Structure formats: C-alpha cells, structure tokens
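Residues per chain, in single letters:
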Amino acid sequence: SIAQNTGIGNASGKYLALFDADDLMQDGFLRKLFTRAEETNADIVFCGYDKVSEQGNVTQAHTESFRYLDGPTDGITAGTLMLDKKFRIVIGNALYRRSFLRENALAFIPGCPYGEGIEFIVKALFLAMIVASVNEPFFHYVRRSGSVHSTRTSRELFHLIGVRRRIREFFSAKGAPQDLIRRMDTVSIPKTHIKTFIYLIREGRSNRMIRRLLGNPEIRRVLNNYLLSTELKRSRAFLLKHAPLLFC
C-alpha cells in the first residue's frame, strides 16, 4: 500500500494504472483503455482479466464469472454491481483519471495486508461520475504459488472484516443510498464473518477460541443478521456439523 500511494502521489500523467507483482498487461492494454477513457470522459475504465497459471495457461476466463458494463455507468451503480459480483475490478485491470484520485484523496490504507485493493476500488467506484469498460481481456492475473493472494487464511479474513467495516463507514459518511448500507449490514459484513469462522474451523482452531469470539456482543449481533438467510444454504450444513455454537 505504501508503494501504491507513493506512485499515486508522484505520478504526473493524465491517467494512472496500478499494478501488483501478480499482474501482467497484454498488448493493447494501455491504448485500448486510454481511448475508452477519452471517448467516455470516464474517471475509471477497466477491461476483462483472465486468471492464468505461472506457465501462462488460462485457468479461468473473465467471462466465466463476470460480465462487462453495457455502457458508461454512474459510479454508485457500478459499485453496487461489483458488490453483487456482476463484474470485477482488481488492482491491475483498470485505468484511473489522476485528477479524480487527487481531488477525492483516494489512497490505500497503510498496514492493511489483505483486501486493501478491494477497499480502494469500491471507494473509487462510489465517487466516480462515470465508469466504463473495454469488453475484452487485456490483462492477466497470475496465480503464483506462495503469493499472499494464492491462499486464504482466517487471519487475512479478519483483515477483510475490517475492510468491509471501513467501506460501510465510508458509505455512511458519504450519504450512500440506504439500500447499499443495508446490504453491507445484512450480507457483506456478516458473510465475511461466516467465512472467517469456516476457515477457523478448517484450520483446526479450538472450540474455546470460537466461544471466545462468539462471546463478543458485536460479532454475535452481526451473525444474527445473517445466520437464517437463504444465502447460507451451502454453508449451513457444514456449520451445523462443525460449529453448532454459531446457532445457539
């Protein structure tokens, strides 16, 4: 996050592209996204991305999981679509108008080792006047063995809970539509808590630790918002078997 913020602070061009070590742009990436940004006057332009192995083989094509925007879209609509997993921006498959980032003081949260990109992107989408897409995959996301993003642990998910909470606070401070705030309270934040408990169980953490966490009134309140949801169908059987305390 410090490196990304340093890049944003020192950049002098009209647009910014941000990359991680796992990112690989394809021929035409900058040309296509720049042209689209100029055509639409967008604050953010993104393209599709394919997940590839270290050997360069496509393991998951963009269109298998996500779609593109139908046309230039306002930022709140685009942000809602991303939260609904209709489309996806990762750090490297987007171009940002530099003046837009500067005017809104958008930056990565220092000290957040996991999920900092999600937080930055969702906040940027919400503040953008126009978001547009280039409907081709000009970007590869390389899944490297040993990468911080190649596996997930409960510790990283605890950081992701913090990310979701900060996004919720951001929405509230910026006067976001109530249905968007409600979605964070009843789906996004509780779902991340549930995933964290699932990973704690899979990692073999003790029931004592889980009981201690469940003794936290805030965690219990968040879980109660979600445990009876129909969205839990796939996880409920696992949780009932391995963590019945969640339902007490």
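A few points on the structure. (Residues numbered from 1 in each chain as written. Predicted model: local features only at pLDDT ≥ 70, side-chain atom pairs only at ≥ 80, totals over all residues. Heavy atoms only, no water.)

Considerations on the packing of helix H7 (residues 154-173) against helix H8 (residues 178-202)
Two elements in contact, H7 and H8, have axes separated by 9 Å at closest approach and are oriented at 175°. By the angle between their directions, the pair H7 and H8 is classed as roughly antiparallel. On H8, the residues touching Ser154, Leu157, Phe158, Leu160, Ile161, Arg164, Arg165, Ile167, Arg168, Phe171 and Ser172 of H7 are Leu180, Ile181, Met184, Asp185, Ser188, Ile189, Thr192, His193, Lys195, Thr196, Tyr199 and Leu200. Of the residues assigned to the contact of H7 with H8, the class counts are 12 nonpolar, 6 polar and 5 charged. (Axes fitted to C-alpha atoms, helices over the stretch in contact; angles between N-to-C directions. Helix = DSSP H or I, 4+ residues; strand = E, 2+ residues; numbered from the N terminus. Parallel < 35°, antiparallel > 145°, perpendicular 65-115°, else oblique. Contact = heavy atoms within 4.5 Å. Nonpolar A, V, L, I, M, F, W, Y, C, P; charged D, E, K, R; others polar.)

Here we look at the pairing of strand E5 (residues 94-97)
Residues Ala94 and Tyr96 point to one face of E5 and Leu95 and Arg97 to the other, with burial holding for every one of them. With 3 bridges connecting them, strand E1 (residues 15-17) and E5 associate as antiparallel partners. For Tyr15, the partnering residue across the bridge sits in E5 and is Arg97. (Buried < 20%, exposed > 50% of the residue type's maximum accessible area, 1.4 Å probe, protein only. Pairing = 2+ DSSP bridges.)

Observations regarding the packing of aromatic side chains
The relation between two aromatic rings is expressed through the spacing of the ring centres and the mutual angle of the planes. For the structure shown, the criterion picks out 13 aromatic pairs. Taking 6.2 Å as the distance between ring centres and 55° as the angle between the ring planes, the aromatic pair formed by Phe170 and Phe171 counts as tilted. By the burial criterion, Phe170 is buried, and Phe171 matches it. Here a set of aromatic residues connected by ring pairs shows up, and it is made of Phe19, Phe29, Tyr49, Phe66, Phe139 and Tyr141. (Phe/Tyr/Trp six-rings, centres within 6.5 Å; stacked < 30°, edge-to-face > 60°.)

Focus on the nonpolar core
Nonpolar side chains tend toward joint burial in soluble globular proteins. Among the nonpolar cores identified, the biggest contains 43 residues, and Ile44, Phe87, Ile89, Tyr96, Phe120, Leu125 and Phe171 are the most heavily contacted of them. Counting residues per element, the ones that place at least two in this core are strand E3 (44-52), helix H4 (75-83), E5, helix H5 (98-103), helix H6 (116-127), H7 and H8. Ranked by the residues each element gives to this core, the list is headed by H6, at 7 residues. Sequence-distant contacts of Leu125, defined by excluding residues within four places in its chain, comprise Ile44, Gly75, Ile76, Ala78, Gly79, Met82, Phe87, Ile89 and Val131. Formed by 16 residues, the second largest nonpolar core is a distinct cluster that contains Leu33, Phe66, Phe138 and Tyr141. (Core = buried A, V, L, I, M, F, W, Y, C linked by side-chain atoms within 4.5 Å.)

Digging into the side chain of Asn93
Relative to the assigned elements, Asn93 resides in the loop between H4 and E5. Asn93 sits in the buried class, given a relative accessible area of 0%. Within the structure, the side chain of Asn93 is placed 2.8 Å from the backbone oxygen of Cys47, a separation counted as a polar contact. Only 2.8 Å separates the side chain of Asn93 from the backbone nitrogen of Val90, close enough to count as a polar contact. Other than its neighbours up to four places away in sequence, Asn93 contacts Phe29, Leu33, Val45, Phe46, Cys47, Tyr49, Arg88 and Phe139. (Polar contact = N/O pair within 3.5 Å; in protein donor to acceptor, adjacent residues only side chain to side chain.)

A look at the pattern of salt bridges
Counted according to the given criterion, the structure contains 10 salt bridges. Among the ionic pairs, Glu136 bridges to Lys32, the shortest N-O distance being 4.0 Å. Here the residue Glu136 occupies a position in strand E6 (residues 131-142), and Lys32 occupies one in helix H2 (residues 29-40), the gap between them amounting to 104 residues. The partly exposed category is assigned to Glu136, whose relative accessible area is 37%. The salt bridge involving Glu119 is made with Arg166; its shortest N-O contact spans 2.9 Å. A residue pair is termed long-range when its members are at least 10 positions apart, and Glu119 in helix H6 and Arg166 in helix H7 qualify at 47 residues. By relative accessible area, which is 1% here, Glu119 ends up buried. Take Arg166: its relative accessible area is 27%, and that puts it in the partly exposed class. Because the salt bridges share partners, they merge into one network encompassing Glu119, Lys123 and Arg166. (Salt bridge = Lys/Arg side-chain N within 4 Å of Asp/Glu carboxyl O.)

Brief notes about the packing of H6 against H7
Contact geometry for H6 and H7: axes closest at 10 Å, N-to-C directions at 15°. By the angle class used here, H6 and H7 are roughly parallel. The way H6 lies across H7 gives a crossing that is right-handed. Contact with H6, carried on its side by Ile118, Glu119, Val122, Lys123, Phe126 and Leu127, involves Leu160, Val163, Arg164, Arg166, Ile167, Phe170 and Phe171 of H7 and no other residues of that element. Of the residues contributing to the contact of H6 with H7, the split by class is 9 nonpolar, no polar and 4 charged. (Left-handed = near helix turned anticlockwise from the far one by under 90°.)

Brief notes about the pairing of E3
Among the 9 residues that make up E3, 8 are buried, leaving the element largely enclosed by the rest of the structure. Here E3 runs beside E6; their pairing, made up of 9 bridges, is parallel. Across the sheet, the residue bridging to Gly48 is Pro137, located in E6. Sheet topology note: the E3/strand E4 (residues 58-60) ladder contains 2 bridges and is antiparallel.

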